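Examination of the molecular architecture
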Amino acid sequence: MTVPAKEKKAPTEEKKATAEERKAAGAERVVAATEKKASEGRDAPKDAAPEPIVVSVASTEEKIRAFVDRYCRTYARKDLDGFLGLFAADALENGKPIRSLRPQYEENFARTDQLAFRISVDRWVWTAGDVTVHGRFDLRARFKDHRGVHSQGTVTLGVHPDGDSFRVTCLNYAFASAEEF
């Protein structure tokens with residue numbers, strides 16, 4: 001997945017959810033900012049190094065996991081307004097504007113009696129002020145006609161920090177399997 005490019009690029013810091021990293025959860029990393037703070041009210045020279053921001057890896061990972069959990073719970077509740085509220089206004093889902101897909105979500109949620117949805121985070125990458133989350137999804141849906149489907153696949157979420165959480169800017173997924181039950 002490609003997160004929409006920014007004009008300036010910062011170094012990439014990639015983190016995998018390993019036991020070793022969880023042990024080092026208190027460590028802090030320096031991530032280069034892509035822009036000067038707007039509150040400073042001045043433009044930096046084009047050749048000036050970006051101002052570093054100290055980011056706690058553990059804190060960032062906790063926020064990512066909390067956001068992904070909230071994303072899954074909101075989807076499983078079939079809370080369409082809440083779910084779409086997790087996306088930026090111009091977010092894309094598999095290349096299509098998320099807002100244009102609202103009717104399809106309404107139809108799917110209306111015909112579904114029960115949903116169980118989970119995303120397992122494999123790794124995340126912090127690049128140019130955004131985070132790309134790579135993982136696997138597991139979706140079980142029981143429809144009102146009593147049929148059901150179990151789907152699994154890969155998912156990539158491009159997210160942008162929004163206060164203490166995130167907003168999805170780009171969602172890409174691919175089904176690896178789907179079986180009826």
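Residues numbered from 1 in each chain as written. Predicted model: local features only at pLDDT ≥ 70, side-chain atom pairs only at ≥ 80, totals over all residues. Heavy atoms only, no water.

**Quick notes on the overall build of the protein chain**
Where we set the bar: Numbered from the N terminus, helices here are DSSP runs of H or I no shorter than four residues, and strands are runs of E no shorter than two. When accessible area is computed with a 1.4 Å probe and restricted to protein chains, residues below 20% of their type maximum are described as buried, those above 50% as exposed, and intermediate ones as partly exposed. Residues count as neighbours in contact if any of their non-hydrogen atoms are within 4.5 Å of one another. We get accessible surface area from the Shrake-Rupley algorithm with a probe of 1.4 Å; when it comes to residues, only the shown protein chains can shield them.
Scanning the protein chain from N- to C-terminus turns up 4 helices and 9 strands. Counting from the amino terminus, helix and strand elements in the protein chain follow one another as β-α-β-β-α-α-β-β-α-β-β-β-β. Per-residue burial over the protein chain gives 36% buried out of 181 residues. Across the protein chain, the fraction of contacts at a sequence separation of at least 24, relative to all contacts at a separation of at least 6, is 57%. Split by element, the accessible area of the protein chain, about 10,900 Å² in all, is 49% carbon and sulfur.

**Regarding the pattern of salt bridges**
Where we set the bar: A carboxyl oxygen of Asp or Glu within 4 Å of a side-chain nitrogen of Lys or Arg is what we treat as a salt bridge.
For the structure on display, the rule yields 8 salt bridges. Notably, a salt bridge pairs aspartate 69 with arginine 73, separated by 2.9 Å at the nearest N-O pair. With aspartate 69 and arginine 73 both in helix H2 (residues 57-76) and 4 residues apart, this pair spans about one turn of that helix. When the shortest N-O distance is used, the salt bridge between arginine 167 and aspartate 162 registers 3.2 Å. Taking relative accessible area as the criterion, aspartate 162 reaches 37% and is therefore assigned partly exposed.

**What to know about the nonpolar core**
To keep things clear, this is the line we draw: Nonpolar cores are built from buried Ala, Val, Leu, Ile, Met, Phe, Trp, Tyr and Cys residues. Side-chain atoms within 4.5 Å join them into one set.
Among the nonpolar cores identified, the biggest contains 36 residues, and Tyr71, Phe87, Tyr105, Ile119, Val133 and Leu157 are the most heavily contacted of them. Tallying contributions element by element places H2 first for this core, with 7 residues. For phenylalanine 87, the residues in contact, after removing those within four places along its chain, are Tyr71, Ile98, Arg99, Arg167, Val168 and Leu171.

**Here we look at H2**
The following threshold applies: The span expected for a helix works out to 1.5 Å for each residue beyond the first.
Taking 1.5 Å per residue as the helical rise, H2 with its 20 residues ought to reach 28 Å, and the 28 Å between its terminal C-alpha atoms agrees with that figure. For H2, the full list of buried residues reads Val57, Ala58, Thr60, Glu61, Ile64, Phe67, Val68, Tyr71, Cys72, Thr74 and Tyr75. One or two residues past the end of H2 sits lysine 78, with phi positive at roughly 60°.

**Remarks on the packing of aromatic side chains**
This is how it is decided: For this analysis, a ring pair means two rings from Phe, Tyr or Trp (six-membered ring only for Trp) whose centres lie within 6.5 Å, classed as stacked if their planes differ by under 30 degrees, edge-to-face if by over 60, and tilted for the remaining angles.
Applying the stated criterion across every chain yields a total of 15 aromatic pairs. Seen from their ring centres, tyrosine 75 and phenylalanine 109 are 5.3 Å apart, and the 75° between their planes marks the pair as edge-to-face. Separated by 34 residues along the polypeptide, tyrosine 75 in helix H2 and phenylalanine 109 in helix H4 (residues 102-111) bring together distant segments of the chain. On the basis of relative accessible area, tyrosine 75 is assigned to the buried category, the value being 14%. Each member of the aromatic cluster is reached from another via a ring pair, and the members are Phe67, Tyr71, Tyr75, Phe83, Phe87, Tyr105, Phe109, Phe117 and Phe166.

**Looking at the confidence of the model for the protein chain**
Test applied: Each residue carries a pLDDT value, the predictor's own confidence for that position, ranging from 0 to 100.
For the protein chain, the mean per-residue pLDDT works out to 81, and 70% of the residues sit at or above 70. Note on residues 1-42: pLDDT is under 50 here. Beyond four places in sequence and across chains, it has 80 contacts.

**Some details on the side chain of serine 151**
Following the sequence through the fold, serine 151 ends up in strand E8 (residues 148-162). With sequence-adjacent residues up to four places away left out, serine 151 is seen in contact with Phe137, Asp138, Leu139, Phe175, Ser177 and Ala178.

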